[in-house]
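Residues per chain are reported as follows:
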Amino acid sequence: MSFSLRSLSARRYRIEGALPSVESADFARRLTERRFEPLSPHEERTFGWVTADNCLDARFETGSTVRGPCAVFALRVDKRRVNSRLLRAMMDLEFRGRKKDAERAADGQGAAGPGADRGAKRPGGRISRDERAEIRKALTEELLRNTNPTMEVHPVLVYPRDGIVLFGALGKPANELFRAAFADTFDVSLSALTPFHRALELLEGKGGSEALAAVRRTDFSRTQDAGLPVALPGVIAARATRSEEALR
Amino acid sequence: MIRPKDRPVDERGGMDFLGPEFVTWLWWRASTSPEFVDASGDAFFVHVDEFLELRGERGAARKTSLRAGMPGASAEGKVALRNGKVVTAARVLFARGEEETAMTIRAEDLDLSGVKPPKPEGEQSEERLAASLAGVRRAYADLDACFGAFLAVRCSDGWDAEVEKIRAFGAAPSEEERSLAS
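Conventions we followed
Residues numbered from 1 in each chain as written. Chains lettered and ligands numbered in written order. Predicted model: local features only at pLDDT ≥ 70, side-chain atom pairs only at ≥ 80, totals over all residues. Heavy atoms only, no water. Helix = DSSP H or I, 4+ residues; strand = E, 2+ residues; numbered from the N terminus. Buried < 20%, exposed > 50% of the residue type's maximum accessible area, 1.4 Å probe, protein only. Areas by Shrake-Rupley, 256 points an atom, 1.4 Å probe, with all protein chains shown as cover. pLDDT = per-residue confidence, 0-100. Contact = heavy atoms within 4.5 Å. Salt bridge = Lys/Arg side-chain N within 4 Å of Asp/Glu carboxyl O. Polar contact = N/O pair within 3.5 Å; in protein donor to acceptor, adjacent residues only side chain to side chain. Nonpolar A, V, L, I, M, F, W, Y, C, P; charged D, E, K, R; others polar. Core = buried A, V, L, I, M, F, W, Y, C linked by side-chain atoms within 4.5 Å. Phe/Tyr/Trp six-rings, centres within 6.5 Å; stacked < 30°, edge-to-face > 60°. Pairing = 2+ DSSP bridges. Axes fitted to C-alpha atoms, helices over the stretch in contact; angles between N-to-C directions. Parallel < 35°, antiparallel > 145°, perpendicular 65-115°, else oblique. Left-handed = near helix turned anticlockwise from the far one by under 90°. Expected span 1.5 Å × (residues − 1).

Structural notes on the overall build of chain A
Move 1: Scanning chain A from N- to C-terminus turns up eight helices and seven strands.
Move 2: Taking all 248 residues of chain A together, the buried fraction comes to 41%.
Move 3: Counting every atom, chain A has about 14,500 Å² of accessible surface; 49% of that belongs to carbon and sulfur.

Listed below in structure tokens is the structure:
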């Protein structure tokens, strides 16, 4: 099994700081230090680096990530989420059971039985807030143990000559996690090459931010404000034009 | 525990219109004068293909999505432009000789999705992967060449004249309408 690139969706970042050479032992060591470790029974999320070739392989050796003009590896994120509906249903059953126990205890049946102090402490079998929290915690842990994790694997392409990294996902949570993990691993920071940032770079020799300072939004429509009836109440005019200023 | 590091609040620098204006301009350029020159002086051509999405200012509800066929030549695209919408996503082809790279540009952050580099040649899978990775790098370089050409005019006194040309492009009948009329 080897990494292949048929199609890529990516966000581009500029590396700010000194990245170790992708062919160095230091690069492999840093990836190994933050390699992916599987979820422990009570964890809800874990993440770390894996090889691009195989998401089950988190061993990095010197130069093993180098492919052509770049270094390639991947960020693996495993998540285990408790189904809230299932949790609520289980809690409901548990509360009902305790309430029944309490009622039996109050009727004098099985007063000395094992459930005698479950819920019987409060009138009407009501369960205290602390007890509820305890039950919730116990059931959550039980559900977590029995829930299979979901897995995401996003490729990372580092182009050291250009000082850029491509991260193979466009979602905000994945990108925030990647950025933090990359910065933590290599002691560098990443800035997203948005149009604004890329423009600052491309205009560096021409004044950079000064060149952009005078730039204002352009209206490409030929007719400006083609004429809503002047007499319309403000709130209707705002809805008709969807103007944020008018809606404020 | 890893936490997000400090970073600027607005990565778009308060200029969230810059990307959409660029892709709108690119659509017009691809329709009227599709040739660009890369950093090494070689020519490549840009074509808007299969997908075009336009949005009104800050209004997610005012969205026009055009798929399949040639949305860049459609009447609907021009109507949206005339109504003040700008291109927020476009599927484009960068062609250089027989080689072509397809990608969808997401204008607001210059994200690329569905980048398909030219089919790599080579007997070994590693050779093919290296060629694909080089193809991705070239795609970004071509995008930068287009963006650089846009900035050169956007930050100059010539922008108003360019906007007039784009408005005239929006007002003119589309290729679709012309072919129906003839």
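Some points on the confidence of the model for chain A
Any residue range with low pLDDT should be treated as having predicted coordinates unsuitable for detailed reading.
Residues and elements named next belong to chain A.
Move 1: On average, chain A scores 83 in pLDDT, and the residues at 70 or more come to 82%.
Move 2: Taken element by element, the predicted model of chain A shows its lowest mean pLDDT in helix α8 (residues 244-247) (46) and its highest in strand β6 (residues 164-167) (96).
Move 3: Taken together, the stretch residues 243-248 has pLDDT below 50 and engages in five contacts with residues farther than four places along the chain or on a different chain.

Overview of the interface of chain A and chain B
Move 1: Across the boundary between the two partners, chain A contributes 53 residues, which contact 57 residues of chain B.
Move 2: At the boundary of chain A with chain B, the tally comes to seven salt bridges.
Move 3: Viewed at the interface, chain B and chain A are joined by 18 residue pairs in polar contact (both at pLDDT 80 or more).
Move 4: For the side of chain A that touches chain B, the secondary-structure elements that each account for two or more residues are β1 (8-16), β4 (70-79), β5 (150-159), α4 (172-186), α5 (195-202), α6 (209-213) and α8 of chain A.
Move 5: A per-class count over the side of chain A that touches chain B returns 26 nonpolar, ten polar and 17 charged.

Some words on the nonpolar core
Move 1: The biggest cluster of nonpolar side chains holds 65 residues, and the ones touching the most others in it are Leu157(A), Leu166(A), Phe22(B), Trp25(B), Val46(B) and Ile105(B).
Move 2: With twelve residues, helix α3 (residues 125-154) of chain B is the largest single contributor of residues to this core.
Move 3: Excluding residues that lie within four positions of it along the chain, Leu166(A) makes contacts with Leu8(A), Ala10(A), Arg11(A), Arg12(A), Pro155(A), Val156(A), Leu157(A), Tyr159(A), Val136(B) and Tyr140(B).
Move 4: Ranked by size, the runner-up nonpolar core spans 26 residues in total, among them Phe60(A), Val165(A), Ala174(A) and Phe178(A).

Section: the side chain of Glu11(B)
Move 1: Residue placement: Glu11(B) occurs in the segment before α1 (18-32).
Move 2: A distance of 3.1 Å separates a polar atom in the side chain of Glu11(B) from a polar atom in the side chain of Arg179(A).
Move 3: Setting aside residues up to four positions removed in sequence, Glu11(B) forms contacts with Arg179(A), Ala192(A), Thr194(A), Phe196(A) and His197(A).

Here's the deal with unusual backbone geometry
Residue and element names in this part refer to chain A.
Move 1: Backbone geometry at Asp-187 places phi at a positive 55°, although glycine is not the residue there.
Move 2: Within the secondary structure layout, Asp-187 lies in the loop between α4 and β7 (189-192).
Move 3: Exposure remark for Asp-187: the relative accessible area of 60% places this residue in the exposed category.

Points about the packing of aromatic side chains
All names here are of chain A.
Move 1: For the structure on display, the rule yields 19 aromatic pairs over all chains.
Move 2: Relative to Phe-178, the ring of Phe-167 lies with its centre 4.2 Å away and its plane at 5°, an arrangement referred to as stacked. With Phe-167 in strand β6 and Phe-178 in helix α4, this residue pair connects regions lying eleven residues apart in the sequence.
Move 3: According to the relative accessible area criterion, Phe-178 is buried, its value standing at 0%.

Describing the pattern of salt bridges
Move 1: Across all of its chains, the model carries 31 salt bridges over all chains by this definition.
Move 2: Residue Arg11(A) pairs with Asp109(B) through a salt bridge whose shortest N-O separation is 3.7 Å. Placement of Arg11(A) in strand β1 and of Asp109(B) in the loop between β5 (99-106) and β6 (111-116) is noted, with the two residues assigned to different chains.
Move 3: Residue classification places Asp109(B) among the buried positions, given a relative accessible area of 17%.
Move 4: Put simply, Glu162(B) and Lys165(B) hold a salt bridge, and the shortest N to O gap is 4.0 Å.

Points about the side chain of Glu53(B)
Move 1: Tracing the chain through its elements places Glu53(B) in strand β2 (residues 43-56).
Move 2: Aside from chain neighbours lying at most four places away, what touches Glu53(B) is Lys63(B), Thr64(B), Ser65(B), Val86(B), Val87(B), Thr88(B) and Ala89(B).

Side note on the pairing of β5(B)
Residue and element names in this part refer to chain B.
Move 1: In the sheet, strand β4 (residues 86-96) pairs with β5 via eight bridges, with the strands oriented antiparallel. Following the sheet pairing, Ala-95 is matched in β5 by Glu-100.
Move 2: Here β4 folds back onto β5, and the loop between the two strands holds two residues, one of which, Gly-97, carries a positive phi near 60°.
Move 3: Pairing of β5 with β6, which is carried by four bridges, proceeds in the antiparallel orientation. Bridged to Arg-106 within β6 is Asp-111.
Move 4: Hairpin geometry of β5 and β6 is characterised by an intervening segment of four residues between the two adjacent antiparallel strands and by a positive phi of about 55° at Leu-110.

Details of the packing of helix α2 (residues 84-106) of chain A against helix α3 (residues 129-145) of chain A
Residues and elements named next belong to chain A.
Move 1: With their axes 10 Å apart at the nearest point, α2 and α3 run at an angle of 130° to one another. As judged from the angle between their axes, α2 and α3 are oblique. Judged by the twist between their axes, the crossing of α2 over α3 is right-handed. Together, Leu-86, Leu-87, Met-90, Met-91, Glu-94, Phe-95 and Arg-98 of α2 and Glu-131, Arg-132, Ile-135, Arg-136, Leu-139, Thr-140, Glu-142 and Leu-143 of α3 make up the contact between the two elements.
Move 2: Its residues placed into classes, the contact of α2 with α3 shows eight nonpolar, one polar and six charged.

A look at α1(B)
Move 1: Here α1(B) is 15 residues long and its end C-alpha atoms lie 21 Å apart, about the 21 Å a rise of 1.5 Å per residue gives.
Move 2: Most of α1(B) is tucked away: 13 of the 15 residues are buried.

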